[in-house]
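Working through the structure, step by step
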Amino acid sequence: MSDLVTFGEAMLRLSPPRGRRLSRTDRLDVAVGGAESNVAAAAAALGTDTMWLSALPRSPLGERVVHALRGEGVDPEVVRTDEGRVGTYYFEHGSAPRDPTVVYDRAGTPIRSLEPTELPQSVVRTAETFLASGITPALSDQAAETTETLLAVAAEAGVTTAFDVNYRSKLWSEREAERTLAGLLEHVDVLFVAERDGRRVFGIEGDAEDIARQLAGAYGFEQVVVTRGEAGALAVDDGAVHEQAAFETDTVDPVGSGDALVGGYLARRLAGEDVPDALAWGVATAALKRTTEGDMASVPAEAVRSLVSSEDGGGID
Ligand code: KDG
(Lines give C-alpha, C1' and ligand atoms only; values in the text may rest on other atoms or scores of the structure.)
Protein backbone atom coordinates (compact mmCIF):
# COMPACT_ATOMS: atom_id res chain seq x y z
CA MET A 1 0.00 0.00 0.00
CA SER A 2 1.32 3.45 -0.97
CA ASP A 3 0.11 6.77 0.42
CA LEU A 4 0.12 8.46 -2.97
CA VAL A 5 -0.65 6.62 -6.22
CA THR A 6 -0.39 8.46 -9.54
CA PHE A 7 -1.44 7.21 -12.98
CA GLY A 8 -0.14 8.36 -16.35
CA GLU A 9 2.42 8.05 -19.12
CA ALA A 10 6.12 8.76 -18.85
CA MET A 11 8.27 9.34 -21.91
CA LEU A 12 11.88 9.66 -22.85
CA ARG A 13 12.81 13.29 -23.21
CA LEU A 14 15.40 13.84 -25.93
CA SER A 15 17.06 17.23 -26.00
CA PRO A 16 19.93 18.80 -27.90
CA PRO A 17 22.59 20.55 -25.87
CA ARG A 18 21.61 24.08 -24.82
CA GLY A 19 21.92 26.55 -27.62
CA ARG A 20 21.56 23.88 -30.33
CA ARG A 21 18.50 23.52 -32.53
CA LEU A 22 16.69 20.19 -32.91
CA SER A 23 16.90 20.66 -36.65
CA ARG A 24 20.71 20.90 -36.50
CA THR A 25 21.80 18.77 -33.57
CA ASP A 26 23.90 15.62 -33.83
CA ARG A 27 23.49 14.84 -30.14
CA LEU A 28 20.49 14.22 -27.91
CA ASP A 29 20.54 13.92 -24.14
CA VAL A 30 18.11 11.40 -22.65
CA ALA A 31 15.95 12.04 -19.60
CA VAL A 32 12.55 10.80 -18.41
CA GLY A 33 9.46 12.93 -18.00
CA GLY A 34 5.72 12.61 -17.58
CA ALA A 35 3.42 14.85 -15.59
CA GLU A 36 2.10 12.20 -13.19
CA SER A 37 5.47 10.51 -12.69
CA ASN A 38 6.97 13.97 -12.08
CA VAL A 39 4.40 14.51 -9.32
CA ALA A 40 5.29 11.12 -7.85
CA ALA A 41 9.01 11.95 -7.91
CA ALA A 42 8.50 15.33 -6.23
CA ALA A 43 6.38 13.81 -3.46
CA ALA A 44 8.78 10.89 -2.98
CA ALA A 45 11.72 13.30 -2.55
CA LEU A 46 9.76 14.91 0.28
CA GLY A 47 9.33 11.58 2.02
CA THR A 48 5.95 10.37 0.73
CA ASP A 49 5.51 6.68 0.04
CA THR A 50 4.60 6.90 -3.64
CA MET A 51 3.59 4.54 -6.43
CA TRP A 52 3.31 5.32 -10.15
CA LEU A 53 0.88 3.23 -12.23
CA SER A 54 1.43 2.95 -15.95
CA ALA A 55 2.02 0.71 -18.96
CA LEU A 56 5.27 0.26 -20.89
CA PRO A 57 6.58 -2.16 -23.46
CA ARG A 58 8.84 -4.94 -22.26
CA SER A 59 12.03 -3.48 -23.73
CA PRO A 60 15.31 -1.82 -22.71
CA LEU A 61 13.71 1.58 -23.29
CA GLY A 62 10.80 0.63 -21.04
CA GLU A 63 13.38 -0.37 -18.43
CA ARG A 64 15.10 3.00 -18.84
CA VAL A 65 11.88 4.70 -17.71
CA VAL A 66 11.33 2.30 -14.80
CA HIS A 67 14.92 2.74 -13.55
CA ALA A 68 14.57 6.51 -13.64
CA LEU A 69 11.46 6.36 -11.45
CA ARG A 70 13.06 3.92 -9.01
CA GLY A 71 16.05 6.22 -8.82
CA GLU A 72 13.70 8.97 -7.65
CA GLY A 73 12.35 6.79 -4.85
CA VAL A 74 9.06 6.01 -6.61
CA ASP A 75 7.64 2.48 -6.72
CA PRO A 76 6.69 1.86 -10.38
CA GLU A 77 3.75 -0.55 -10.85
CA VAL A 78 3.85 -1.03 -14.60
CA VAL A 79 1.82 -3.25 -16.92
CA ARG A 80 4.37 -4.71 -19.37
CA THR A 81 3.22 -5.22 -22.93
CA ASP A 82 4.68 -7.03 -25.93
CA GLU A 83 3.15 -4.47 -28.28
CA GLY A 84 3.65 -0.75 -28.55
CA ARG A 85 6.55 1.58 -27.94
CA VAL A 86 7.94 3.99 -25.41
CA GLY A 87 6.76 7.53 -26.13
CA THR A 88 9.35 10.21 -26.68
CA TYR A 89 9.32 13.91 -26.69
CA TYR A 90 11.90 16.21 -28.14
CA PHE A 91 12.68 19.29 -26.12
CA GLU A 92 14.65 22.26 -27.34
CA HIS A 93 15.51 24.92 -24.78
CA GLY A 94 14.32 28.22 -26.20
CA SER A 95 16.42 31.33 -26.30
CA ALA A 96 14.20 32.46 -23.44
CA PRO A 97 13.80 29.77 -20.78
CA ARG A 98 10.04 30.11 -20.85
CA ASP A 99 9.80 29.48 -24.54
CA PRO A 100 10.92 25.91 -25.18
CA THR A 101 10.02 23.88 -28.26
CA VAL A 102 8.26 20.58 -27.59
CA VAL A 103 7.70 17.95 -30.29
CA TYR A 104 5.70 14.92 -29.16
CA ASP A 105 6.33 11.51 -30.70
CA ARG A 106 4.04 9.37 -28.59
CA ALA A 107 1.65 7.55 -30.95
CA GLY A 108 1.30 3.81 -30.34
CA THR A 109 2.17 3.81 -26.64
CA PRO A 110 0.57 1.05 -24.54
CA ILE A 111 -1.28 3.35 -22.12
CA ARG A 112 -3.59 4.34 -24.99
CA SER A 113 -5.20 0.90 -25.09
CA LEU A 114 -4.88 0.02 -21.42
CA GLU A 115 -8.11 -1.21 -19.84
CA PRO A 116 -8.86 -0.60 -16.16
CA THR A 117 -9.06 -4.33 -15.47
CA GLU A 118 -5.41 -4.74 -16.53
CA LEU A 119 -4.31 -2.55 -13.62
CA PRO A 120 -4.08 -3.63 -9.98
CA GLN A 121 -7.05 -1.61 -8.74
CA SER A 122 -6.39 -2.67 -5.15
CA VAL A 123 -3.43 -0.27 -5.00
CA VAL A 124 -5.79 2.55 -5.95
CA ARG A 125 -8.38 1.50 -3.38
CA THR A 126 -5.86 1.33 -0.54
CA ALA A 127 -4.06 4.62 -1.27
CA GLU A 128 -4.57 7.76 0.79
CA THR A 129 -4.57 9.92 -2.36
CA PHE A 130 -4.91 9.02 -6.04
CA LEU A 131 -3.78 11.50 -8.71
CA ALA A 132 -4.41 11.63 -12.45
CA SER A 133 -4.07 14.46 -14.94
CA GLY A 134 -5.67 15.83 -18.10
CA ILE A 135 -2.79 14.58 -20.23
CA THR A 136 -3.83 10.91 -20.05
CA PRO A 137 -7.46 11.36 -21.22
CA ALA A 138 -6.12 13.42 -24.14
CA LEU A 139 -4.22 10.39 -25.46
CA SER A 140 -7.20 8.23 -26.54
CA ASP A 141 -10.84 7.45 -25.74
CA GLN A 142 -9.72 4.29 -23.96
CA ALA A 143 -7.18 6.22 -21.87
CA ALA A 144 -9.94 8.69 -20.94
CA GLU A 145 -12.20 5.81 -19.91
CA THR A 146 -9.47 4.14 -17.86
CA THR A 147 -8.63 7.42 -16.12
CA GLU A 148 -12.29 7.97 -15.24
CA THR A 149 -12.72 4.41 -13.98
CA LEU A 150 -9.68 4.68 -11.71
CA LEU A 151 -10.91 8.00 -10.30
CA ALA A 152 -14.32 6.44 -9.68
CA VAL A 153 -12.78 3.35 -8.02
CA ALA A 154 -10.70 5.60 -5.76
CA ALA A 155 -13.64 7.86 -4.90
CA GLU A 156 -15.89 4.89 -4.08
CA ALA A 157 -13.23 3.52 -1.75
CA GLY A 158 -13.02 6.83 0.11
CA VAL A 159 -9.57 7.68 -1.27
CA THR A 160 -8.88 11.40 -1.78
CA THR A 161 -8.86 11.99 -5.53
CA ALA A 162 -6.67 14.71 -7.03
CA PHE A 163 -6.56 15.89 -10.62
CA ASP A 164 -4.31 18.32 -12.48
CA VAL A 165 -5.98 19.77 -15.58
CA ASN A 166 -2.61 20.06 -17.38
CA TYR A 167 -4.09 21.17 -20.71
CA ARG A 168 -1.75 20.39 -23.61
CA SER A 169 -2.76 22.13 -26.83
CA LYS A 170 -0.64 19.73 -28.90
CA LEU A 171 -2.85 16.82 -27.79
CA TRP A 172 -6.40 18.15 -28.10
CA SER A 173 -8.54 21.22 -28.48
CA GLU A 174 -9.86 23.28 -25.59
CA ARG A 175 -13.43 22.22 -26.37
CA GLU A 176 -12.54 18.50 -26.51
CA ALA A 177 -10.76 18.88 -23.19
CA GLU A 178 -13.68 20.65 -21.53
CA ARG A 179 -16.15 18.01 -22.75
CA THR A 180 -14.09 15.02 -21.70
CA LEU A 181 -12.91 16.44 -18.39
CA ALA A 182 -16.45 17.33 -17.30
CA GLY A 183 -17.25 13.63 -16.73
CA LEU A 184 -13.98 12.88 -14.95
CA LEU A 185 -14.12 15.86 -12.61
CA GLU A 186 -17.25 14.55 -10.91
CA HIS A 187 -15.03 12.03 -9.11
CA VAL A 188 -12.42 14.57 -8.01
CA ASP A 189 -11.88 16.08 -4.54
CA VAL A 190 -8.83 18.28 -5.12
CA LEU A 191 -8.32 20.13 -8.40
CA PHE A 192 -5.12 21.74 -9.64
CA VAL A 193 -5.51 24.11 -12.56
CA ALA A 194 -3.23 26.69 -14.14
CA GLU A 195 -4.87 30.13 -14.21
CA ARG A 196 -4.54 30.19 -17.98
CA ASP A 197 -6.28 26.78 -18.30
CA GLY A 198 -9.14 28.03 -16.13
CA ARG A 199 -9.73 30.65 -18.79
CA ARG A 200 -9.07 28.73 -21.99
CA VAL A 201 -10.50 25.29 -21.09
CA PHE A 202 -13.37 26.29 -18.80
CA GLY A 203 -14.00 29.74 -20.28
CA ILE A 204 -13.98 31.45 -16.90
CA GLU A 205 -13.38 35.19 -16.98
CA GLY A 206 -11.83 36.84 -13.98
CA ASP A 207 -8.94 36.26 -11.64
CA ALA A 208 -7.55 33.16 -9.94
CA GLU A 209 -10.07 33.39 -7.10
CA ASP A 210 -12.98 33.58 -9.55
CA ILE A 211 -11.63 30.50 -11.34
CA ALA A 212 -11.27 28.56 -8.08
CA ARG A 213 -14.68 29.56 -6.77
CA GLN A 214 -16.53 28.89 -10.00
CA LEU A 215 -14.94 25.48 -10.48
CA ALA A 216 -15.51 24.55 -6.83
CA GLY A 217 -19.15 25.62 -7.20
CA ALA A 218 -19.66 23.72 -10.44
CA TYR A 219 -18.06 20.42 -9.38
CA GLY A 220 -18.12 20.48 -5.58
CA PHE A 221 -14.33 20.17 -5.13
CA GLU A 222 -13.05 20.25 -1.56
CA GLN A 223 -10.08 22.31 -2.68
CA VAL A 224 -9.08 24.06 -5.88
CA VAL A 225 -5.47 25.13 -6.29
CA VAL A 226 -4.91 27.67 -9.07
CA THR A 227 -1.28 27.86 -10.15
CA ARG A 228 -0.14 31.27 -11.35
CA GLY A 229 3.45 30.80 -12.50
CA GLU A 230 5.48 33.76 -11.39
CA ALA A 231 2.59 35.04 -9.29
CA GLY A 232 2.59 31.92 -7.04
CA ALA A 233 -0.62 30.04 -6.33
CA LEU A 234 -4.01 30.43 -4.73
CA ALA A 235 -6.18 27.83 -3.04
CA VAL A 236 -9.83 27.86 -2.17
CA ASP A 237 -10.43 25.38 0.62
CA ASP A 238 -14.00 24.87 1.69
CA GLY A 239 -14.76 28.53 0.87
CA ALA A 240 -11.63 30.03 2.48
CA VAL A 241 -9.01 31.64 0.22
CA HIS A 242 -5.25 31.19 0.75
CA GLU A 243 -2.59 32.85 -1.38
CA GLN A 244 1.09 32.06 -1.69
CA ALA A 245 3.50 34.37 -3.48
CA ALA A 246 6.18 32.79 -5.66
CA PHE A 247 9.68 32.27 -4.30
CA GLU A 248 12.29 33.87 -6.50
CA THR A 249 14.77 31.47 -8.01
CA ASP A 250 16.76 31.37 -11.23
CA THR A 251 15.14 29.35 -13.98
CA VAL A 252 17.35 26.68 -15.49
CA ASP A 253 14.50 24.49 -16.80
CA PRO A 254 10.81 25.33 -16.22
CA VAL A 255 9.41 21.97 -17.41
CA GLY A 256 7.79 20.03 -14.61
CA SER A 257 7.55 22.92 -12.15
CA GLY A 258 3.74 22.67 -12.07
CA ASP A 259 4.08 18.96 -11.28
CA ALA A 260 6.57 19.80 -8.54
CA LEU A 261 4.01 22.16 -7.04
CA VAL A 262 1.39 19.40 -7.03
CA GLY A 263 3.87 16.90 -5.54
CA GLY A 264 4.94 19.32 -2.82
CA TYR A 265 1.35 20.19 -1.96
CA LEU A 266 0.15 16.58 -1.80
CA ALA A 267 3.20 15.47 0.21
CA ARG A 268 2.42 18.02 2.92
CA ARG A 269 -1.31 17.27 2.96
CA LEU A 270 -0.48 13.58 3.31
CA ALA A 271 1.82 14.48 6.21
CA GLY A 272 -1.23 16.03 7.91
CA GLU A 273 -0.38 19.69 7.27
CA ASP A 274 -2.99 22.35 6.51
CA VAL A 275 -3.70 23.95 3.14
CA PRO A 276 -1.60 27.15 3.64
CA ASP A 277 1.41 25.03 4.63
CA ALA A 278 0.92 22.68 1.68
CA LEU A 279 0.54 25.61 -0.69
CA ALA A 280 3.80 27.17 0.54
CA TRP A 281 5.63 23.86 0.18
CA GLY A 282 4.17 23.29 -3.26
CA VAL A 283 5.19 26.73 -4.53
CA ALA A 284 8.66 26.38 -2.98
CA THR A 285 9.16 22.90 -4.47
CA ALA A 286 8.23 24.32 -7.88
CA ALA A 287 10.70 27.20 -7.44
CA LEU A 288 13.52 24.80 -6.58
CA LYS A 289 12.61 22.46 -9.45
CA ARG A 290 13.12 25.35 -11.86
CA THR A 291 16.74 25.61 -10.75
CA THR A 292 17.53 22.10 -12.01
CA GLU A 293 17.63 20.46 -15.41
CA GLY A 294 15.01 17.82 -16.28
CA ASP A 295 11.29 17.24 -15.71
CA MET A 296 11.50 15.59 -12.31
CA ALA A 297 12.06 17.52 -9.11
CA SER A 298 14.46 15.76 -6.80
CA VAL A 299 14.14 18.55 -4.30
CA PRO A 300 14.97 17.41 -0.78
CA ALA A 301 12.71 18.40 2.11
CA GLU A 302 15.51 20.36 3.80
CA ALA A 303 15.88 22.67 0.79
CA VAL A 304 12.13 23.27 0.61
CA ARG A 305 11.87 23.87 4.36
CA SER A 306 14.66 26.40 4.23
CA LEU A 307 13.11 28.26 1.30
CA VAL A 308 9.67 28.30 2.91
CA SER A 309 11.08 29.70 6.13
CA SER A 310 13.44 32.20 4.49
CA GLU A 311 12.57 35.63 5.86
CA ASP A 312 12.65 37.44 2.56
CA GLY A 313 10.11 35.03 1.11
CA GLY A 314 12.42 33.32 -1.21
CA GLY A 315 15.72 34.72 -2.49
CA ILE A 316 18.48 32.14 -2.51
CA ASP A 317 21.82 33.37 -1.12
O1 KDG B 1 4.38 18.95 -16.90
C2 KDG B 1 5.53 18.49 -17.57
C3 KDG B 1 5.12 17.46 -18.58
O4 KDG B 1 4.39 18.11 -19.57
C5 KDG B 1 6.31 16.76 -19.19
O6 KDG B 1 7.04 16.08 -18.20
C7 KDG B 1 5.98 15.83 -20.30
O8 KDG B 1 4.13 14.57 -19.50
C9 KDG B 1 4.57 15.32 -20.31
C10 KDG B 1 3.66 15.78 -21.36
O11 KDG B 1 2.82 15.00 -21.75
O12 KDG B 1 3.78 16.90 -21.81
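Our subject in this report is the structure included herewith. (Residues numbered from 1 in each chain as written. Predicted model: local features only at pLDDT ≥ 70, side-chain atom pairs only at ≥ 80, totals over all residues. Heavy atoms only, no water.)

Our focus in this paragraph is the sheet that holds strand β5 (residues 75–81). Ordered in space as β5-β4-β1-β8-β9-β10-β11-β12-β13, the 9 strands form an open sheet in which the pairing is mixed. What marks the edges here is a single partner per strand, and that holds for β5 and β13 (240–244). The sheet shows a mean angle of 20 degrees between the axes of neighbouring strands, direction not considered. Examined bridge by bridge, strand β1 (residues 4–7) and strand β4 (residues 50–57) share 4 bridges and lie parallel to one another. Residue Val 5 lies in a different strand from β4, and its bridge partner there is Met 51. Strands in contact with helix α8 (residues 257–270) are β1, β8 (129–133), β9 (160–164), β10 (190–194), β11 (223–227) and β12 (233–237); relative to β11, the strand with the most contacts, it is inclined by about 145 degrees. (Pairing = 2+ DSSP bridges. Helix = DSSP H or I, 4+ residues; strand = E, 2+ residues; numbered from the N terminus. Axes fitted to C-alpha atoms, helices over the stretch in contact; angles between N-to-C directions. Contact = heavy atoms within 4.5 Å.)

Counted at 1.5 Å a residue, the expected span for α8 with its 14 residues is 20 Å, and the 20 Å between its end C-alpha atoms agrees. Within α8, 11 of the 14 residues are buried, which leaves it mostly tucked inside the rest of the structure. For α8, the full list of buried residues reads Ser 257, Asp 259, Ala 260, Leu 261, Val 262, Gly 263, Gly 264, Tyr 265, Leu 266, Ala 267 and Arg 268. Positive backbone phi, at 90 degrees, marks Gly 272, one or two positions downstream of α8. (Expected span 1.5 Å × (residues − 1). Buried < 20%, exposed > 50% of the residue type's maximum accessible area, 1.4 Å probe, protein only.)

Below, the discussion takes up the sheet that holds strand β6 (residues 88–92). In space, the 4 strands of this open sheet follow the order β3-β2-β6-β7, with mixed pairing throughout. Sheet topology places β3 (29–33) and β7 (101–105) at the edges, where each strand pairs with a single neighbour. Strand-to-strand twist of the sheet, defined as the mean angle between neighbouring strand axes without regard to direction, takes the value 25 degrees. Taken together, the 5 bridges between β6 and β7 define a ladder with antiparallel strand orientation. Bridging across to β7, Tyr 89 finds its partner in Tyr 104. Its contacts with the sheet place helix α2 (residues 60–71) against β2 (11–15) and β3, and it is angled at close to 65 degrees to β3.

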